[in-house]
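Descriptive structure summary
Residue-level listing of the chains:
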Amino acid sequence: MKKADDKNVSRNCSRIMEKYLSLDKNQKVPLEVSSHLFKCRKCRKQVRALRIAERVSAESFSFEAPLEDNLIQSVMTRIDPKTARKMNYQEKIFGLWTTSGIVLIFAFVLVVFAAKNFQNRDLLMAIATVIAGFVTVWGVLYIATNVDFFIKRINSSLRT
């Protein structure tokens, strides 16, 4: 008779554990399961071990992997071989933006130094205004074409 009781207890424990395992995380534990866990030391140990295992496994995966440009580029190249060409194109465009910005700043500085030798102040003001317009347009276009870079930079500075 004792073996039959042990089988019934084992079946009941299995049924209760199945109910417990079918619950979503942080879902309220039904009264039947709670009362069984209160009475059954074996099931209580299993639930405690499950909770510890879940907490330990969650902690071990909570690290931030440093995402470097080389790593991202190599992963993206494996996913889509066209990505390397796109990234190279973006680097070339960035170089053109930088070069044109330096040329505009150099032109603006050159006008300031050349102002002493200009006889006609109206012509000097017109040239300075045109260069200032170019610098403004360059700045607006630079920000508009690279807005995703600036948004990411702002978001990352806000997180720290």
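Worth saying up front: this structure is predicted, and the values here are computed from it rather than measured.

Some details on the overall build of the protein
Along the protein, the regular secondary structure elements total 7 helices and 0 strands. Listing every helix and strand of the protein by position from the N terminus yields α-α-α-α-α-α-α. Expressed as a percentage of the 160 residues in the protein, the buried residues total 14%. By element, 64% of the accessible surface of the protein is carried by carbon and sulfur atoms, the whole surface being about 13,800 Å².

Looking at helix α2 (residues 31-39)
If you check which residues of α2 are buried, you get V33, H36 and L37. Within α2, the buried residues cover an arc of 100° as seen down the axis, which keeps them to one side. Across α2 from its buried face, at more than 90 degrees, point the exposed residues L31, F38 and K39.

Details of the packing of aromatic side chains
The description of two aromatic rings rests on the distance between their centres and on the angle between their planes. As enumerated under the stated definition, the model contains 3 aromatic pairs in all. Ring geometry for W138 against Y142: centres 5.2 Å apart, planes inclined by 10°, an arrangement best described as stacked. You can see W138 and its partner Y142 sitting in helix α6 (residues 121-145), 4 residues apart, about one turn around the helix. On the accessibility criterion, Y142 (15% relative accessible area) is buried. Site record: aromatic cluster; members linked through ring pairs are W97, W138 and Y142.

Quick word on the nonpolar core
Membership of the largest hydrophobic core is limited to 10 residues, which are C13, I16, M17, Y20, L23, V33, L37, C40, C43 and V47. Of all the secondary-structure elements, those providing two or more residues to this core are α1 (2-21), α2 and α3 (41-60). At 4 residues, the largest contribution of residues to this core is made by α1. Setting aside chain neighbours within four positions, we find V47 in contact with M17, Y20 and L37.

As for the pattern of salt bridges
By the definition in use, this model includes 2 salt bridges. Put simply, E32 and R15 hold a salt bridge, and the shortest N to O gap is 2.8 Å. Residue E32 is found in helix α2, and its partner R15 is found in helix α1; the two are separated by 17 residues along the sequence. One salt bridge in this structure joins E32 and K19, with 2.5 Å as the shortest N-O distance. You can see E32 sitting in helix α2 and its partner K19 sitting in helix α1, a full 13 residues away along the chain.

Looking at the state of the cysteines
Inspection of the entire model under this criterion finds 0 disulfides. We note that C40 lacks a disulfide partner, and the nearest cysteine sulfur, in C43, lies 3.6 Å from it. Since its relative accessible area comes to 14%, C40 is described here as buried. With no disulfide of its own, C43 has C13 as its nearest cysteine by sulfur position, at a separation of 3.5 Å. The exposure class assigned to C43 is buried, which follows from its relative accessible area of 0%.

Section: α6
Between its first and last C-alpha atoms α6 spans 36 Å; for 25 residues at 1.5 Å apiece the expected length is 36 Å, and the two agree. What α6 keeps buried is the set L124, I131, G139 and Y142.

Conventions used here
Residues numbered from 1 in each chain as written. Predicted model: local features only at pLDDT ≥ 70, side-chain atom pairs only at ≥ 80, totals over all residues. Heavy atoms only, no water. Helix = DSSP H or I, 4+ residues; strand = E, 2+ residues; numbered from the N terminus. Buried < 20%, exposed > 50% of the residue type's maximum accessible area, 1.4 Å probe, protein only. Areas by Shrake-Rupley, 256 points an atom, 1.4 Å probe, with all protein chains shown as cover. Arc of directions from axis to C-beta. Phe/Tyr/Trp six-rings, centres within 6.5 Å; stacked < 30°, edge-to-face > 60°. Core = buried A, V, L, I, M, F, W, Y, C linked by side-chain atoms within 4.5 Å. Contact = heavy atoms within 4.5 Å. Salt bridge = Lys/Arg side-chain N within 4 Å of Asp/Glu carboxyl O. Disulfide = S-S within 2.5 Å. Expected span 1.5 Å × (residues − 1).

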